[in-house]
Amino acid sequence: MSSNPYKGYRDPVLSVLKENAVEVWSDVELLTDQGEFKGIILPRSETSDAKHVVLKLRNGYNIGIAFNRIRSIKEIGRKEAHYQIPEKEFPRDPKKPNVKLLGTGGTIASRLDYRTGAVIPAFSPGELYGSVPELADYCNLDTERLFGVFSENMGPEQWIATAQAIAAEIQKGTHGIVIGHGTDTMHHTSAILSFMVQNSPVPIVMVGSQRSSDRPSSDAASNLIHAVKTAAESDIAETMVCMFGPTSDQYALLHRGTRVRKMHSSYRSTFRTISDIPLAMVDREKITPLRQDYQRRRSDKNVTLNTAFEEKVSIVYYYPNMKPDIIDSLIDNDYRGIIIAGTGLGHVNKPLYPSLKRACDKGISVYMTVQTLWGYVQMYVYETGREIMQLGVIPAANLLPEVAYVKLGWALGQTKDPQKVKEIMLTSIAGEITEREPYDGYLIYQGGIPEVVEFLRQIKR
Amino acid sequence: MTELMKPFEQMTDEDYAELGLQSGLEIHQQILTEKKLFCRCPAGHYSTEYDAEILRHMRPTLSELGEYDGTALMEFKTRKEIIYQINRHTVCTYEMDDTPPFEINQNALEIAFQIAMLTNFKLVNEIHIARKQYLDGSIPTGFQRTTIVGVDGFIPYKDRKIGLIQLGLEEDSCREVSDIGHRRVYRADRLGMPLIETVTRPEMHTPQEVADVANILRWLVKSSGLVRTGIGAARQDVNVSITGGTRIEIKGVHRIPLIPLLIYNEAMRQRSLLLIRDDLRDRGITESTFKSETADVTHLMTNTQWDPIRWALQHNEKVACVNLKGYSGILSYPTQTGKVFSKEISDRVRVIACLTRLPNILTSESTEETIGSHVWNRIRRQVSATSQDALVIVWANEQDLQTAVQEIIIRAREATIGVPSETRQALEDGTNGFERILPGPERMYPDTDLPPLEFPPERVEALRKNLPPPIWERRARYKLFGIPDHLIIPIAASPRALFFDRLIESNNLSPKFCARIFFEKMVAWRRRNFPVEKLTDAVFSEFFGKIASEPSLLPNAERILRQFLTSDESLATIMSTFSQISISRDEISTALVEINRSEPPNSQQPEANARYFTGKLMKRFQFRLQAKSILPVVGEFIKNGRKS
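Cut-offs and rules
Residues numbered from 1 in each chain as written. Chains lettered and ligands numbered in written order. Predicted model: local features only at pLDDT ≥ 70, side-chain atom pairs only at ≥ 80, totals over all residues. Heavy atoms only, no water. Contact = heavy atoms within 4.5 Å. Buried area = accessible area lost by both parts, 1.4 Å probe. Salt bridge = Lys/Arg side-chain N within 4 Å of Asp/Glu carboxyl O. Polar contact = N/O pair within 3.5 Å; in protein donor to acceptor, adjacent residues only side chain to side chain. Helix = DSSP H or I, 4+ residues; strand = E, 2+ residues; numbered from the N terminus. Buried < 20%, exposed > 50% of the residue type's maximum accessible area, 1.4 Å probe, protein only. Domains from an automatic or database assignment. Core = buried A, V, L, I, M, F, W, Y, C linked by side-chain atoms within 4.5 Å. Expected span 1.5 Å × (residues − 1). Arc of directions from axis to C-beta. Pairing = 2+ DSSP bridges. Axes fitted to C-alpha atoms, helices over the stretch in contact; angles between N-to-C directions. Nonpolar A, V, L, I, M, F, W, Y, C, P; charged D, E, K, R; others polar.

K.L.:
Looking at this structure, how should I read the interface of chain A and chain B?
P.N.:
Where the parts come together, the accessible area they lose is often given as the size of the interface. Contacts between the two partners involve 61 residues from chain A, matched on the other side by 60 residues from chain B. With both chains or domains summed, chain A and chain B bury close to 4,800 Å², and 50% of this area falls on carbon and sulfur atoms. Applying the counting rule to chain A against chain B returns nine salt bridges. Where Asp98 of chain B meets Arg268 of chain A, a salt bridge forms, and the shortest distance between an N and an O atom there is 3.3 Å. Counting the contacts that link chain A with chain B gives 29 residue pairs in polar contact (both at pLDDT 80 or more).

K.L.:
In this structure, what is going on with the pattern of salt bridges? I would like to understand it.
P.N.:
Side chains that carry opposite charge are capable of pairing whenever their charged atoms lie near each other. In the structure shown here, the tally under the stated rule is 89 salt bridges over all chains. Between Arg269 of chain B and Glu266 of chain B there is a salt bridge whose closest N-O contact spans 2.8 Å. Residue Arg269 of chain B and its partner Glu266 of chain B are both found in helix α5 (residues 259-282); the two are separated by three residues, about one turn of the helix. There is no split in this pair, since Arg269 of chain B and Glu266 of chain B are both buried. If you follow the salt bridges from partner to partner, you end up with Arg211, Arg215 and Arg268 of chain A together with Arg56, Asp97, Asp98, Arg131, Arg145, Asp447 and Asp449 of chain B in one network.

K.L.:
Hey, could you run me through the domain arrangement of chain B in this one?
P.N.:
The domain architecture assigned to chain B consists of domain 1 (22-241), domain 2 (288-419), domain 3 (469-578) and domain 4 (585-639). Averaged C-alpha coordinates put domain 3 of chain B and domain 4 of chain B at centres separated by 33 Å.

K.L.:
How do you make sense of the environment of Ala462 of chain B when you look at a structure like this?
P.N.:
Relative to the elements of secondary structure, Ala462 of chain B occurs in helix α10 (residues 457-465). Considering only alpha carbons, one finds Ala462 of chain B and Glu209 of chain B, 253 residues apart in sequence, at a separation of 35 Å.

K.L.:
Looking at this structure, how should I read the nonpolar core?
P.N.:
Soluble globular proteins tend to bury their nonpolar side chains together. By size, the foremost hydrophobic cluster in this structure holds 124 residues, and its most contacted members are Tyr9 of chain A together with Tyr327 and Val394 of chain B. When residues in this core are grouped by element, the largest group, 10 residues, is from α5 of chain B. Excluding residues within four positions of it along the chain, Tyr9 of chain A makes contact with Leu14, Leu17, Val24, Ile41, Leu42, Pro43, Arg44, His52, Val53 and Val54 of chain A. By size, the runner-up hydrophobic cluster in this structure holds 50 residues, among which are Trp159, Ala163, Phe271 and Trp374 of chain A.

K.L.:
Teacher, can you tell me more about helix α15 (residues 537-549) of chain B here?
P.N.:
Along an α-helix, residues three or four apart share an orientation, since each turn contains 3.6 residues. Residues and elements named next belong to chain B. A rise of 1.5 Å per residue sets the reference length of α15, with its 13 residues, at 18 Å; its end C-alpha atoms lie 18 Å apart and thus fit the reference within 8%. Residues of α15 that are buried include every one of Val539, Phe540, Phe543, Phe544 and Ile547, and no others. Here the buried residues of α15 occupy an arc of 115° about the axis, which is enough to place them on one side. More than 90 degrees from the buried face of α15, the exposed residues found are Ala538 and Ser549. Buried positions along α15 lie against α13 (497-507), α14 (511-527), α16 (557-566) and α17 (571-578).

K.L.:
Mind showing me how you'd approach the sheet that holds strand β14 (residues 252-256) of chain A here?
P.N.:
Hydrogen bonds between backbone atoms are what pair the strands of a sheet, whose relative direction is either parallel or antiparallel. Residues and elements named next belong to chain A. Read across the sheet, eight strands follow the order β9-β6-β10-β12-β13-β14-β17-β18 without closing on themselves; strand pairing throughout is mixed. A single partner strand is all that each edge strand has here, and the edge strands are β9 (140-145) and β18 (287-289). Sheet twist, expressed as the mean angle between neighbouring strand axes with direction ignored, is 25°. Here strand β10 (residues 176-180) pairs with strand β12 (residues 204-207) via four bridges, running parallel. By the bridge assignment for β12, Ile179 is matched with Met206. Across the sheet, helix α4 (residues 186-196) lies against β10, β12 and β13 (239-244), angled at about 155° from β13, the strand it touches most. Strands β6 (98-103), β9, β10, β12, β13, β14, β17 (280-282) and β18 of the sheet are contacted by helix α5 (residues 220-233), whose axis makes an angle of about 145° with β13.

K.L.:
I would appreciate a short explanation of the domain arrangement of chain A in the present structure.
P.N.:
All names here are of chain A. Domain boundaries in chain A define domain 1 (12-78), domain 2 (98-305) and domain 3 (313-425). Centre-to-centre, using C-alpha coordinates, domain 2 lies 31 Å away from domain 3. Contact with domain 2, which involves 15 residues of that partner, is made by 11 residues of domain 3. With both sides pooled, the region where domain 2 packs onto domain 3 buries about 1,300 Å², and carbon together with sulfur makes up 69% of that total. Summed over the three residues of domain 2 that lose the most area to domain 3, namely Phe195, Arg259 and Arg261, the buried surface amounts to 36% of that side. The interface formed by domain 2 and domain 3 includes one salt bridge. The interface formed by domain 2 and domain 3 includes three residue pairs in polar contact (both at pLDDT 80 or more). Mapped onto the side of domain 2 that touches domain 3, the elements with two or more residues apiece are α4 and β15 (260-262). For the side of domain 2 that touches domain 3, the element with the highest residue contribution is α4, accounting for six residues. Broken down by class, the residue content of the side of domain 2 that touches domain 3 amounts to eight nonpolar, five polar and two charged.

Structure below.
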């Protein structure tokens, strides 16, 4: 453990610990004005106050004792916690496919942090096997920890490194790739990887969890098993997101990496394919494709890697009464690309026009997407749309705003020519723009309606 | 074999002392809040109707100190499919573990602190929410959010103190609907309701003492008016050990009067298991020398006519036989009233291997008509059994059969060490059955979703000011008031006790009179199915207030309330009709003449007639007359030959 024997404690309580010659992990008898408490002193979260000592009682409970009520503390022993999963070497079977798990961080690989009392990314992939032995039923698993970052800290540097690691694995002949990732920005990463790694001969499956793996109800094990099965056995050679389908623990959905989005802050079944249907369902026994228009697995080791990326790109989420200074500041800060998430079919207010014109005239690529998420941009329907197009703003079909953002960065990384950027942006490379929206591409059941109530009564969601 | 223990009724305190009986309690009591503990769903709304079902599985995880918990591993072996029935009005996404917890219900927290003060606990200055693992699925997260508000409390009992280890505030779990095979169904309405858990030290020495202490604790919290009452609002767990035995937790005792027999039976079971251990030791069988042998005997069963196995074979199940070397006679050793050791094995197989269809095992010591002796002989040859050995036969699908065989061996081996650590389930007949392996402190870890919360001294003091007096003080006071003995506990333990105290104080009424109306009559009326819920605190305040200001209503008090319960009239209207009126002599005389004409008395006795006419008059004037004011008029009327 760390060298600091007073982990997280600050004055005034720190002085009390020092005066009594006790440290974190001391087993103590602590006398207060109310009487005696017995237990082990635990580290304190750095975001908690500096007035209480945390004591782990014999019964396993933790309590806090206020420093100014402490009379004396006597150390009677020490007990340091060792948080470890029995680590086992992954059994190898030459008949099984080889799958590589690349770790980026996030709650699929996490444990408790005593300092903050929070969950931090820290399970080594080896430990992961120790806790999910079922993985050996499907493959020989190798693991590599690329980085350990929360998903909000993923950015171009990590995207490029991940893409490179994937390409290297493909060239080595790995049968499938799983990427452990925090869920918050999983859809950004799945989109950019879809562009950076093209023509993969094998499945590239992104997976995470909505309930951390330190809890019994975690979806981590289930998601991981489904992702590994997909990587090992599926013939869908695309970049996908594999996460809980319904909130019930039944099957996972495989979403195309460019059409998927996290849609609920906490549900297990948070990922949804937007304006389309998912690629497939997967459970422990089988993978059931829901459509046929996907890239098939191949036996070669060829892959196209293109990790170009321009970072000076932004998303502007439009709101009524938005002032032009928002756009101006992007222009003045040398941004090269702007994605607007407009209202309705792709609209913003008139006061923004001069600034948008200035941006386009300056050669900044400005694209319109919709904040409704579902549906296409259509800027001919209303006068407003036509006016905005006149300024040079380009409608981006049904690119999701986040997908348009990473794609624009990728396109601008390849060329400075706005015309070429436009070509790249509006040509669908990995299913990010679809020609048609199926009638069941937009389904959000409205709860409370009798037939929906009836449906939910019969079907476990 | 000699008798294990005297019959229950003949056991004395000395007998229990000789056994070294030690027993403690865990009392779970729902507290009275409008909403649940960590979300804003309403608390206390139960319904068997549900709108949707959610399916989940549970996996064990590491505790904060880094070890797998025994119970966790056991539950994982059982591989259950858990179904939650949810009703939109009582369950939100929090209970289904799809939303992080909201801040703790402050009202619940204050109640927990108040009860901790009433029971003399040392209070915690800062609460830390912990997660206590429950992998049986009774909580969808796989853990119960729980926090301790006090440690080391006590209550007075006889001439001593009973120590209380801790008082916790926690979420209630789901209600189990069914548990068949690999599928367990729960109803989620109760889930997340706040409850307090009070844990006593094992300082009770006889079964009756345990029941007494359970009652005191129940009355104490009930009378605070801060807790829920009614079926399922309070549940007891009882811990039992005897000298040489193990602390066994018996869960889910719904009724306190059942406690003594449960403890007796558990003491007997532990004594029996210790005798079995000694017997095995005498045979040279210990944990390290224990031997068993297992064989697939499916092929020997093809012609069996015994239903359970025939059914199994028809469903393509397999049959295995475990030979427990040197165990002859052990399986039929009595353990509890009407139960033998093989029941311990059967229970484990039922719970852990999910073989819920009974019987789930057959032993060579069964005295019932089962499979034929020639089949037994072939089985014996197959597993090379001698007359010293005992056989257990079990049947199931291949996967469950493996678990079952392992579990049979585990439980049989545990017989060599005595009483295994278990959580057991209270049964209606006073015996108990296996529920799960006793969980240890390893199943606790901090809840990372919620930060610690300071409970400052000012808040403690504010609560302390409004604390109701503890039950033992109130009992002494009622005695002083002259309230009849049989009413003292019901009043002191009633959730309306505080209101009752206020009533007598503010109205200066006879406590005896109030007690009779408030408790005795209420019970009687409830039994007669009167709508006693109409008698709210407000109604009683009005009623007793009026009586206090108009004592002449006193003789009609019961009548007034009865009329209130059985009619639609307001209390005020009813009471005004009972108010005393003054009626002139003439009116009374006229009434007497009328009564004499329409319903003349049968008797010729003047005294009987006087009583007769007085009664009739009272009825006619709705008891609003004072008997003594009309007696002279009636007397004169009779003297005058019933003429006015």
